[in-house]
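In case you want the letters, here they are:
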Amino acid sequence: MDRIGIDAGGSLIKIAYWQNGEMDTQTFPVEKVDECVKVLQDVNPEAKVYLTGGKRAHVQSLLSGQTYLVDEFEATVKGTRFLMEKENMTATDYILASVGTGTSFFKVTPQSFERLFGSGAGGGTLMGLGSLLFNKNADFTSLVASAEKGDERASDLLIKDIYAPSAPPLTGDLTAANFGKAHLNKEATADDHMASLVRFLAETILLLALQAAQANQTKNLVFIGSTLEENQPLKQRLRMFEDSFDYKAIFIEKGAYAGAIGAMLE
């Protein structure tokens, strides 16, 4: 327990450390940084702390003892490689989508990695728009639960809706316009709109990942990040086009902590 990794992002602070031969992880909202610091002191006040993420310098300023700053992109990829090896995953060349407050996309090979680009579509979008659509005081868990109960077809305009009653020239269940029926279908519920929001995020992230995969000649898409944690609706929608677009969606246990784990392994 002499090394602790911290990934201090825009919304969450993730920590990782070894305890009794097992890796322990915890998450704190950024507004509870003082509570996070107290936990670190309780774990081991003498530990070396390795910090990454956008708010790493702020968290570092609150800590005493030996602290080190780690490159965010290197930590993310290193942590991902470690977790994939631990789970005996065989993908070597892949596009890595780190879905946090926003989303970063990386090309990863056994010898190297490259950050390709980023998108503002991510967990911040889910929380921000979700609070407007569903409940201003809603938390992440309640928004995901709402999406799980909803049916995006009541809110989204689909290809088959446009061509009805004729047969569509494309797969009818593809989205023509996200939220394209939200102003027309008076029977659509807040849960339906939340399901539509999750599908909008999934399609945006997936289309960007697929373009990167095509450009780099791989079919493997690895998804990590706190927005995927306990978020089955998002995972399901990231998988839903595997047959149509010939890709493999890969999810990693503890993928939300890849950055913190990679920092700890520095």
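Scroll up for the structure.
Residues numbered from 1 in each chain as written. Predicted model: local features only at pLDDT ≥ 70, side-chain atom pairs only at ≥ 80, totals over all residues. Heavy atoms only, no water.

**Considerations on the packing of aromatic side chains**
Here the structure, examined in full by the defined rule, presents seven aromatic pairs. Taking the centre distance of 5.0 Å and the plane angle of 20° together, the rings of Tyr50 and Tyr68 count as stacked. Residue Tyr50 is found in strand E4 (residues 48–52), and its partner Tyr68 is found in strand E5 (residues 67–69); the two are separated by 18 residues along the sequence. (Phe/Tyr/Trp six-rings, centres within 6.5 Å; stacked < 30°, edge-to-face > 60°. Helix = DSSP H or I, 4+ residues; strand = E, 2+ residues; numbered from the N terminus.)

**Some remarks on the nonpolar core**
By size, the foremost hydrophobic cluster in this structure holds 29 residues, and its most contacted members are Leu206, Leu221, Phe223, Leu228, Leu238 and Tyr247. Those elements giving two or more residues to this core turn out to be strand E6 (94–99), helix H5 (140–149), helix H7 (190–215), strand E11 (220–224), helix H8 (232–239) and strand E12 (248–251). Element by element, the count of residues in this core is highest for H7, at 11 residues. Residues contacting Leu228, with those up to four places away along its chain left out, are Val99, Phe223, Leu234, Lys235, Leu238 and Phe251. (Core = buried A, V, L, I, M, F, W, Y, C linked by side-chain atoms within 4.5 Å. Buried < 20%, exposed > 50% of the residue type's maximum accessible area, 1.4 Å probe, protein only. Contact = heavy atoms within 4.5 Å.)

**Notes on the environment of Ser166**
With respect to the helices and strands, the residue Ser166 is situated in the loop between helix H6 (159–163) and strand E10 (175–177). Separated by 164 residues in the primary sequence, Ser166 and Asp2 have C-alpha atoms spaced 66 Å apart.

**Describing the pattern of salt bridges**
With the rule as written, the count across this model stands at 10 salt bridges. The network of salt bridges with common partners includes Glu152, Arg199, Glu203 and Arg237. (Salt bridge = Lys/Arg side-chain N within 4 Å of Asp/Glu carboxyl O.)

**Structural notes on the sheet that holds strand E7 (residues 103–108)**
A sheet is described by the order of its strands in space; here five strands give the open sequence E8-E7-E6-E11-E12, paired in mixed fashion. The outermost strands of the open sheet, each flanked by one partner alone, are strand E8 (113–119) and E12. Ignoring which end each strand starts from, the neighbouring axes of this sheet average 25° apart. Here helix H3 (residues 72–86) sits on the sheet and contacts E6, E7, E8 and E11; the angle it forms with E6, its principal contact strand, is near 115°. (Pairing = 2+ DSSP bridges. Axes fitted to C-alpha atoms, helices over the stretch in contact; angles between N-to-C directions.)

**Re the environment of Ile205**
Positionally, Ile205 belongs in helix H7. Considering only alpha carbons, one finds Ile205 and Ala97, 108 residues apart in sequence, at a separation of 7.9 Å. The residues touching Ile205, leaving out its near neighbours within four places in the chain, are Val99, Thr103, Phe105, Ala121, Phe223 and Leu238.

**Re the sheet that holds strand E1 (residues 3–8)**
Taken in spatial order, the five strands of this open sheet run E3-E2-E1-E4-E5, and their pairing is mixed. Every other strand in the sheet has two partners, leaving strand E3 (22–29) and E5 as the edge strands with one partner each. Ignoring strand direction, the axes of neighbouring strands in this sheet form an average angle of 20°. Where E4 lies against E5, three bridges are found, and the strand directions are parallel. Its bridge partner lying in E5, Leu51 is registered against Leu69.

**Concerning the packing of H5 against H8**
Relative to each other, H5 and H8 sit at 50°, their axes nearing to 8 Å. The orientation of H5 relative to H8 falls into the category oblique. Contacts from Val144, Ala147 and Glu148 in H5 reach Gln232, Pro233 and Arg237 in H8. (Parallel < 35°, antiparallel > 145°, perpendicular 65-115°, else oblique.)

**Side note on a nonpolar patch on the surface**
On the surface, Leu129, Leu132, Leu133 and Phe134 cluster together into a nonpolar patch covering about 330 Å² of accessible area. Mapped onto the elements of the fold, Phe134 is located in the loop between helix H4 (123–133) and H5. We classify Phe134 as partly exposed; its relative accessible area is 31%. (Patch = residues over 30% accessible without salt bridge, like charges linked within 9 Å, V, L, I, M, F, W, Y side chains within 5 Å. Areas by Shrake-Rupley, 256 points an atom, 1.4 Å probe, with all protein chains shown as cover.)

**A word on H4**
Considered for burial, the residues of H4 that qualify are Gly123, Thr125, Leu126, Gly130 and Ser131. Among the structural elements, H5 and H7 are those in contact with the buried residues of H4.

**Considerations on H5**
Every buried residue of H5 is listed here: Leu143, Val144, Ser146 and Ala147. Taken end-on, H5 shows its buried residues confined to a sector of 155°, consistent with a single buried face. Turned more than 90 degrees off the buried face of H5, the exposed positions are Thr141, Glu148 and Lys149. Packing partners of the buried residues in H5 comprise H4, H7 and H8. (Arc of directions from axis to C-beta.)

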